[in-house]
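Take a look at the letters that make up each chain.
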Amino acid sequence: MTRYGSFPGSRPRRLRTTPTMRRMVAETRLHPADLILPAFVREGIDSPVEISSMPGVFQHTRDSLKKAAVEAVEAGVSGIMLFGVPLDEKKDGAGTDGTDPDGILQVALRDVRAEVGDDLIVMSDLCLDEFTDHGHCGVLDGQGRVDNDATLERYAEMAQVQADAGAHVVGPSGMMDGQIGVVRDALDQIGREDVAILAYTAKYSSAFYGPFREAVGSSLRGDRKTYQQDPANSRESLRELALDLEEGADMVMVKPAGPYLDILAKVAESVDVPVAAYQISGEYAMVEAAAQRGWIERDRAIMETLTGIKRAGANMILTYWATEAARQL
């Protein structure tokens, strides 16, 4: 082959020659400490129940949840985000079980804190949707609409009972206007300045939540488009971000992760607080379903999706593969 001068003088392939070379020059590194495990605990079951649309993910009993928490600690996972699944007959219009000190979520928080102490950051979903008979994230007004300000009163109470039950971090996920400020005030009023707030800052109205609704036994009627963000909007997420930070958020989140990497990157570039991203149920289900059919390499796909989320700017990733991925790392 005839060569012209030093062409090609630049050969990026030199830095891809061996696995060790690629590892040495990698720009993005996943670590078990980046990962947070979302987990479901269901009232009234004697053994874990696998979620049909999320193979390998279970609705836990109190005992199996404690075991999952210990396994997460042993794998090096940083946190666990708990979601409660009450008995259907305990659901009502106000989501009363969500603020009952003896409700399933509060009981589970106490269980996990007693089991792992401070070795795992115990996080609690602060939302009413699992506990309402209409499945919305707040209480409804006389016209059947979610009442923002009445819902904030419920969130304040919910924050206090979750803190008392042992949550290190509460995660207000309902996308109510003003929720971060109200939750911060409620926690401070009971002397729980130590409890951090992970704000669901940009939570989009997504088609990818379907399997999650099976996981929590959702009673949702209608949709959440009036309070979750429109997938068409980007600038709106930065407005939500500014409001959450002004109200006292300690950490912020983008949800879902994969379809909104552009939003995640913008948020990460704009803040000096930790940024989380939630790889949600539909993202998990797609990979598992395709892998079961032999269409993709499962383990590679898992790590590739997590690396992409980290590369986009996430400091923390909520993923149902947290313990498994941490063991591989």
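Structure: above.
Residues numbered from 1 in each chain as written. Predicted model: local features only at pLDDT ≥ 70, side-chain atom pairs only at ≥ 80, totals over all residues. Heavy atoms only, no water.

Some remarks on a positive patch on the surface
On the surface, a cluster of positive charge is made up of Arg-11, Arg-13, Arg-14 and Arg-16. Residue placement: Arg-14 occurs in the segment before helix H1 (19–24). (Patch = residues over 30% accessible without salt bridge, like charges linked within 9 Å, V, L, I, M, F, W, Y side chains within 5 Å. Areas by Shrake-Rupley, 256 points an atom, 1.4 Å probe, with all protein chains shown as cover. Salt bridge = Lys/Arg side-chain N within 4 Å of Asp/Glu carboxyl O. Lys, Arg positive; Asp, Glu negative; His and termini not counted. Charge placed at Lys NZ, Arg CZ, Asp CG, Glu CD. Helix = DSSP H or I, 4+ residues; strand = E, 2+ residues; numbered from the N terminus.)

With respect to unusual backbone geometry
Residue Pro-256 is reached from Lys-255 by a cis peptide bond, and omega for that bond is -5°. One non-glycine residue, Met-175, adopts positive backbone phi at about 60°. Considering the arrangement of structural elements, one finds Met-175 in the loop between strand E6 (169–172) and helix H5 (179–189). Classification of Met-175 as buried rests on a relative accessible area of 6%. (Buried < 20%, exposed > 50% of the residue type's maximum accessible area, 1.4 Å probe, protein only.)

Side note on the pattern of salt bridges
Per the counting criterion, the structure on display carries 16 salt bridges. Residue Arg-184 pairs with Asp-188 through a salt bridge whose shortest N-O separation is 3.1 Å. Of this pair, Arg-184 and Asp-188 both sit in helix H5, four residues apart, which is roughly one turn of that helix. Under the relative-accessibility criterion, Arg-184 is labelled buried at 12%. Residue Asp-188 is classed as partly exposed on the basis of its relative accessible area, which comes to 31%. Residue Arg-300 pairs with Glu-297 through a salt bridge whose shortest N-O separation is 3.2 Å. Across this residue pair, the class does not change: Arg-300 and Glu-297 are exposed. Where salt bridges share partners, they join Glu-288, Arg-298, Asp-299 and Glu-324 into one cluster.

Points about helix H9 (residues 281–292)
The end-to-end C-alpha distance of H9, which contains twelve residues, comes to 16 Å, matching closely the 16 Å that a straight helix rising 1.5 Å per residue would cover. Within H9, nine of the twelve residues are buried, leaving the element largely enclosed by the surrounding structure. Within H9, burial applies to Ser-281, Gly-282, Glu-283, Tyr-284, Ala-285, Val-287, Glu-288, Ala-290 and Ala-291. (Expected span 1.5 Å × (residues − 1).)

Some thoughts on the side chain of Asp-34
In this structure, Asp-34 sits in the loop between H1 and strand E1 (35–42). Of the polar contacts made by the side chain of Asp-34, one reaches the backbone nitrogen of His-31; its length is 2.8 Å. Side-chain polar atoms of Asp-34 contact the side chain of Lys-310, separated by 2.9 Å. Leaving out residues up to four positions away in the same chain, Asp-34 has contacts with Arg-29, Lys-310, Asn-315, Met-316 and Ile-317. (Polar contact = N/O pair within 3.5 Å; in protein donor to acceptor, adjacent residues only side chain to side chain. Contact = heavy atoms within 4.5 Å.)

Overview of the packing of aromatic side chains
According to the stated counting rule, one finds six aromatic pairs in the structure shown. Considering the side-chain rings of Phe-40 and Phe-83, the 5.5 Å spacing of their centres and the 35° angle between planes classify their relative orientation as tilted. With Phe-40 in strand E1 and Phe-83 in strand E4 (residues 79–85), this residue pair connects regions lying 43 residues apart in the sequence. Exposure class is identical for Phe-40 and Phe-83. Each is buried. Taking the centre distance of 4.2 Å and the plane angle of 15° together, the rings of Tyr-204 and Tyr-260 count as stacked. (Phe/Tyr/Trp six-rings, centres within 6.5 Å; stacked < 30°, edge-to-face > 60°.)

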